Amino acid sequence: QLTSAQQRELRRQLRQERKERMQILEKDKPSDGHEAQEDVTAIQVAEQTLGDYKLKSSKNYQVPENQRMNAEKKRRQMFLLEESTHAIRTEFNQRVLSLRDFRQQVREEVERDYEILQSIDEQLGTTTPWVRDLVEQKVEQQVEFPEKRFDFTNKDLEALRKRSKKDGAADVDPAEGEGSEQEAEEGGGSASQSASKSTTSYGYGRTAVGQRRAEMLKLRNNIAKQEKENAMTKSVRAEATARRWFEKRRLEHHIQQVVGTFDQAVSALEKEKSKLQSDLCNADMKLLVLYEELLMLNELEEKDEMLLRKSNKCRSEKATIMHSIKECQDQLAEKKSEIEHWQQEEATLQSDFTDLVGENSPFLTTLLKIYKRKVKRSKRKKALGDDEDFDEDEESEEESIGSDEESDEDMEDDICPQGCDMSIYESVIELRDKRLDMEDDLQEIQKAVDELKKTHGRLLQEEKKIDKEQKQTDLEIQQFQTEKQRKLNQIKIVFTLKLSQVQCLVGDSEPQLPESLDRQLEQGEDGYVVFTRARLLKLMSRITELHEETKQVRQHYKQLRRDHVNSNKEKKVAEKQIEELNRKFQDIQMLKFGQVVDLDLIERSAPNKFVQELHEKVKDAEVRCRQKLAHWQAKIENARKDLSKITADNTDYMEQIVQMGYSQLQLDQALNARISNVTVNDAEPTVELKEMEKERMKDLLTLQAKEIATLQAEINLFRKKGGHIYTTVTANRLPDRR
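For the structure given in this document, a descriptive report is provided here.

How each quantity is defined
Residues numbered from 1 in each chain as written. Predicted model: local features only at pLDDT ≥ 70, side-chain atom pairs only at ≥ 80, totals over all residues. Heavy atoms only, no water. Helix = DSSP H or I, 4+ residues; strand = E, 2+ residues; numbered from the N terminus. Contact = heavy atoms within 4.5 Å. Areas by Shrake-Rupley, 256 points an atom, 1.4 Å probe, with all protein chains shown as cover. Phe/Tyr/Trp six-rings, centres within 6.5 Å; stacked < 30°, edge-to-face > 60°. Lys NZ or Arg CZ within 6 Å of the ring centre and 35° of its normal. Patch = residues over 30% accessible without salt bridge, like charges linked within 9 Å, V, L, I, M, F, W, Y side chains within 5 Å. Salt bridge = Lys/Arg side-chain N within 4 Å of Asp/Glu carboxyl O. Lys, Arg positive; Asp, Glu negative; His and termini not counted. Charge placed at Lys NZ, Arg CZ, Asp CG, Glu CD. Buried < 20%, exposed > 50% of the residue type's maximum accessible area, 1.4 Å probe, protein only. Axes fitted to C-alpha atoms, helices over the stretch in contact; angles between N-to-C directions. Parallel < 35°, antiparallel > 145°, perpendicular 65-115°, else oblique. Left-handed = near helix turned anticlockwise from the far one by under 90°. Nonpolar A, V, L, I, M, F, W, Y, C, P; charged D, E, K, R; others polar. Arc of directions from axis to C-beta. Core = buried A, V, L, I, M, F, W, Y, C linked by side-chain atoms within 4.5 Å.

**Some remarks on the overall build of the chain**
Point 1. Secondary structure summary: the chain contains 18 helices and zero strands in total.
Point 2. Long-range pairs, those at least 24 residues apart, make up 79% of the contacts in the chain between residues at least 6 apart in sequence.
Point 3. Looking at the chain as shown, the accessible area adds up to about 58300 Å², and 53% of this sits on carbon and sulfur atoms.

Below is the structure:
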């Protein structure tokens, strides 16, 4: 079961949550002229990606910002094109070199198979001329290996020496010949090593198996010749002959397969070469077109850079202005918060004045006039002690000389009303001074706010001006880009078309393949457009897509209208419920309080959780303070007991001193009486006695003065404690001797 305070706190939290939720909803509520950002973005996307295709030669064509061209971009296009063509050529050359290496492997493999095939032909008495033609076919090394054109052998040197002798040329130096021979040997060795390395492990293993088979067949043939003719020998010879024919057919099939694979690779490379040659020719033609466009763009580069600098300048100025506007808005927000703070302080002062005077006080009207009166004061700074303060005081005094009459009137009015408490009047004067200080600060803040508003207005005007210049610059850039595109369109370009790619677009008829190309193109080229088939099909299908999109948009619009009607109905129902709840709320308040009461006011007047927590903290602090106070009181009581004990001991000591003083006085009197009875004619002892008596009296007076001071200190101490003084000093004194 919750207590009344907890229930009140729970209701307060619920009201606070509803209030915060209402503020969030009010903040999210769009204005009447609000446009959804999603709809605006969708409209922009639709405008940019609309299905119609504007030709670059059209009058309404506007060059998109991402497709605007300048000399730098055109140079980059040329560099990329040249780089791509170089990469294509390099890749094709690498494939040719790979095919050359493959040819070397094929030739070596065919030669090895041909050696085995020759041995088999010798045994069978047959020949294989087409394989011999393949092996004997020679290709010049300089043509096939141009990188080895500087490599030579000893035979080449000998042939060169013979030719030089025949032609009557100069003899070659033997040392040079030896060196060249060594180089040739090294070169030949390196060539042979490279050739041997290029041989595949598969070919080497297969050739070794063939050689072993040929040797085995040859050995069987020799054995068969040496032995006599019999049935066994005939069967062995027939088996060997069959094996030779099988091995020959297998080798021929393998050679045909290897050569066919090489021919297929050459054929595929020839087809690829034809395609690449066509692409490279198109690239060269495109490079020429790009070069002509570059020349034209170089002529327009100066104006393009000028417009670009102008646009960049506008953007930088716009950014600076926006930054200044942001700072100005921040300062205005800060000043507004300061004004609200000072207004709260002024309201606090007004409440303090009401609490001080009282709402039912008969002097409320008079004191309120004094509180609200505007008094002329000297403008001084808060920091005292500076030289500027004295200068301002002098100036204020000089200014106050001319307004003595007004100040006199103010002084006459600022008089405490009869019957009013002087302390209340002085407090009202202090509150008025605080109020005047606040008004001065508010005036300074208001001046700063006015200045910031002027600056903000000036910045907004500059922003509008810069926006206007930016729009004008963008329009000039767009016109310049259109003019640039028109000039670029005048450059003739070359491209290749297939017959299947040629279609005629006559009026609104459907595109169709022409029956006679010459007849269709007799009218000239003005009525034709180069267009990709994919784009054409996309435009054709776009018609159907637009119909579907229109249908969907209409359905979506109808759905939105239905949602709008339903939302209005729900809104009206909610408004009726709110009205019923308000009437019920008012009826309950009238029954309970007799009038409509502000719940927020009751909430503020009722003790809330924060106040209760503060009360608990105050109670805890009071308990801790009481404990500390009792502890210190106990310490004070102990100290008092110690003080009374020390005071009693001191009093006993003083009494002993007084008694000893009186005893000494009696002894001195007795001694003096005895001396007075002795008669001496000499006057010198009398003088000495007088001096001694004088010194003794001085000591006695000093001792009594100290005693008097001590007694006065004790009397003052007991007077501060509020007690009565009872001493035994006077009681112990001897009777006065007069």
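Here the narrative resumes.
**Some words on the packing of aromatic side chains**
Point 1. Per the counting criterion, the structure on display carries one aromatic pair.
Point 2. The cationic tip of Lys635 hangs over the ring face of Trp632; the distance from NZ or CZ to the ring centre is 4.4 Å.

**Quick notes on a negative patch on the surface**
Point 1. Side chains of Asp421, Glu426, Glu430 and Asp433 sit close together on the surface and give a patch of like negative charge.
Point 2. Tracing the backbone shows Asp421 in the loop between helix H12 (404-413) and helix H13 (422-489).
Point 3. Of the residues examined, Asp421 reaches a relative accessible area of 42% and is grouped as partly exposed.

**Some words on the packing of helix H3 (residues 71-124) against helix H9 (residues 231-357)**
Each pair of packed helices can be summarised by the angle the axes make with each other and by the distance between the axes.
Point 1. Packing of H3 against H9 leaves a shortest axis separation of 9 Å and a crossing angle of 165 degrees. It follows that H3 is roughly antiparallel to H9 by the angle criterion. For the element pair H3 and H9, the recorded crossing hand is left-handed.
Point 2. Taken together, the residues of the contact of H3 with H9 break down into 31 nonpolar, seven polar and 19 charged.

**Some details on the pattern of salt bridges**
Point 1. All chains considered together, the criterion is met by 19 salt bridges.
Point 2. The salt bridge involving Glu338 is made with Lys335; its shortest N-O contact spans 4.0 Å. A residue pair is termed a helical-turn pair when its members lie 3 or 4 positions apart in one helix, as Glu338 and Lys335 do in helix H9 at three residues.
Point 3. Relative accessible area serves as the criterion here: at 24%, Lys335 is assigned to the partly exposed category.
Point 4. Connected via shared salt-bridge partners are Arg542, Glu545 and Glu549.

**What to know about a nonpolar patch on the surface**
Point 1. Residues Ile493, Phe495, Leu497 and Val530 make up a contiguous nonpolar surface patch of about 400 Å² in total accessible area.
Point 2. Checked against the element boundaries, Ile493 lands in the loop between H13 and helix H14 (517-520).
Point 3. Note on Ile493: relative accessible area 53%, which makes it exposed.

**Here's the deal with the packing of H9 against H13**
Point 1. Between H9 and H13, whose axes approach to 6 Å, the crossing angle comes to 165 degrees. Classed by the angle they form, the pair H9 and H13 counts as roughly antiparallel. Two packed elements cross with a definite hand, and for H9 against H13 that hand is left-handed.
Point 2. Taken together, the residues of the contact of H9 with H13 sort by class into 31 nonpolar, ten polar and 24 charged.

**Focus: the environment of Gln118**
Point 1. Here Gln118 lies in helix H3.
Point 2. Distance from Gln118 to Thr128, taken between C-alpha atoms, is 8.2 Å for residues ten residues apart in sequence.

**Some remarks on helix H10 (residues 364-372)**
Point 1. Residues of H10 that are buried: Leu367, Ile370 and Tyr371. Summarising the axial view, the buried residues of H10 lie within an arc of 100 degrees, below the 170-degree limit, and thus occupy one face. Away from the buried face of H10 by more than 90 degrees, exposed residues Thr365 and Lys369 are located.
Point 2. Against the buried residues of H10 lie H9 and H13.

**Side note on the side chain of Glu463**
Point 1. Secondary-structure assignment places Glu463 in helix H13.
Point 2. In this structure Glu463 is buried but unpaired, with Lys318 as the nearest side chain of opposite charge at 4.4 Å.
Point 3. Beyond its immediate sequence surroundings of up to four residues, Glu463 is in contact with Lys318, Ile321, Met322 and Ile325.

**Quick look at the nonpolar core**
Nonpolar side chains tend toward joint burial in soluble globular proteins.
Point 1. Within the largest apolar cluster, 18 residues are counted, with the highest numbers of intra-cluster contacts made by Val106, Val110, Ile120, Val131, Val135, Leu251 and Ile255.
Point 2. Going through the elements one at a time, H3, helix H4 (129-136) and H9 are the ones with two or more residues in this core.
Point 3. Sort the elements by how many residues they give to this core and H3 lands first, with nine residues.
Point 4. Sequence-distant contacts of Val131, that is, excluding residues within four places in its chain, are made with Tyr114, Leu117 and Ile255.

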